[in-house]
Amino acid sequence: MGKRKSSKKPESKKKQEKLSTVFSCPFCNHESSVECRMDRKDLIGEASCRICQESFSTSINALSEPIDVYSEWIDECERVNNSG
């Protein structure tokens, strides 16, 4: 009599962590006050602060995420600060 082969259990898939959609404001420095909204139909991404009402909008593509809109806002702020 031989041993019965043990069946190997399939490995569970690792859950991908969700990227944040709430960030700190570059103008008023409040934590978690900037919310990014993605309008995929019109291909527009908007980031706006709930405290100081500052906002930024940019064009997006199908692969864009809220962090991309926020990063473009930060880059635009740095570009304006360095040119003036």
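Everything that follows concerns the structure shown earlier in this document.
Below, the structure is looked at part by part. Just so it is clear, the structure is predicted and the values come from calculations on it, not from any experiment.

## Considerations on the sheet that holds strand 4 (residues 55-59)
Strand order in the open sheet formed by four strands is 1-2-3-4, and the pairing between neighbours is antiparallel. At either margin of the open sheet sits one strand with a lone partner, and together these are strand 1 (22-23) and strand 4. Note: strand 1 against strand 2 (residues 34-39), two bridges, orientation antiparallel. Note that in strand 2 the partner of Phe23 across the bridge is Val34. Most of the contacts of helix 1 (residues 66-83) go to strand 4, to which it runs at about 115°, and overall it touches strand 1, strand 2, strand 3 (44-49) and strand 4.

## As for the side chain of Thr58
Tracing the sequence through the fold places Thr58 in strand 4. We classify Thr58 as buried; its relative accessible area is 14%. Separated by 2.9 Å, the side chains of Thr58 and Glu72 make a polar contact. Apart from the residues within four sequence positions on either side, Thr58 is in contact with Leu43, Ile44, Gly45, Val69 and Glu72.

## Here's the deal with the packing of aromatic side chains
The geometry of an aromatic ring pair is captured by two quantities: the separation of the ring centres and the angle between the planes. For the coordinates displayed, the defined rule picks out three aromatic pairs. Measuring from ring centre to ring centre gives 5.9 Å for Phe27 and Trp73, while their planes differ by 45°; the resulting arrangement is tilted. Of this pair, Phe27 sits in the loop between strand 1 and strand 2 while Trp73 sits in helix 1, and the two are 46 residues apart along the sequence. Take Trp73: its relative accessible area is 3%, and that puts it in the buried class. One aromatic cluster is present, built from ring pairs that chain together Phe27, Phe56 and Trp73.

What counts, and where the lines are drawn
- Starting from 1, residues in each chain are numbered consecutively following that chain's sequence as written.
- Only residues with pLDDT of at least 70 get local features here, since the model is predicted, and only at 80 or more are side-chain atom pairs given and counted; chain-wide, interface and lining totals rely on the full set of residues.
- With hydrogens and water stripped out, all remaining heavy atoms of the structure feed into the side-chain values.
- In short, DSSP must find at least two bridges between two strands for them to pair.
- The helix and strand labels rest on DSSP assignments: H or I over at least four residues marks a helix, E over at least two residues marks a strand, and numbering proceeds from the N terminus.
- Contacts were defined at the residue level, with two residues in contact if any of their heavy atoms lie within 4.5 Å.
- A fitted line through C-alpha atoms represents every axis, and for helices the fit uses only the stretch in contact; the resulting angles, taken between N-to-C directions, go from 0 to 180 degrees.
- For every residue, the accessible area (1.4 Å probe, protein chains only) is compared with the maximum for its type, and the residue is labelled buried under 20%, exposed over 50%, or partly exposed between those bounds.
- Any N or O atom pair separated by 3.5 Å or less is treated as a polar contact, with the protein-specific requirement of one donor-capable and one acceptor-capable atom, and with residues adjacent in sequence counted only for side-chain atom pairs.
- Stacked, edge-to-face and tilted labels apply to pairs of Phe, Tyr and Trp rings (six-membered ring for Trp) whose centres lie within 6.5 Å, assigned for plane angles under 30 degrees, over 60, and everything in between, in that order.

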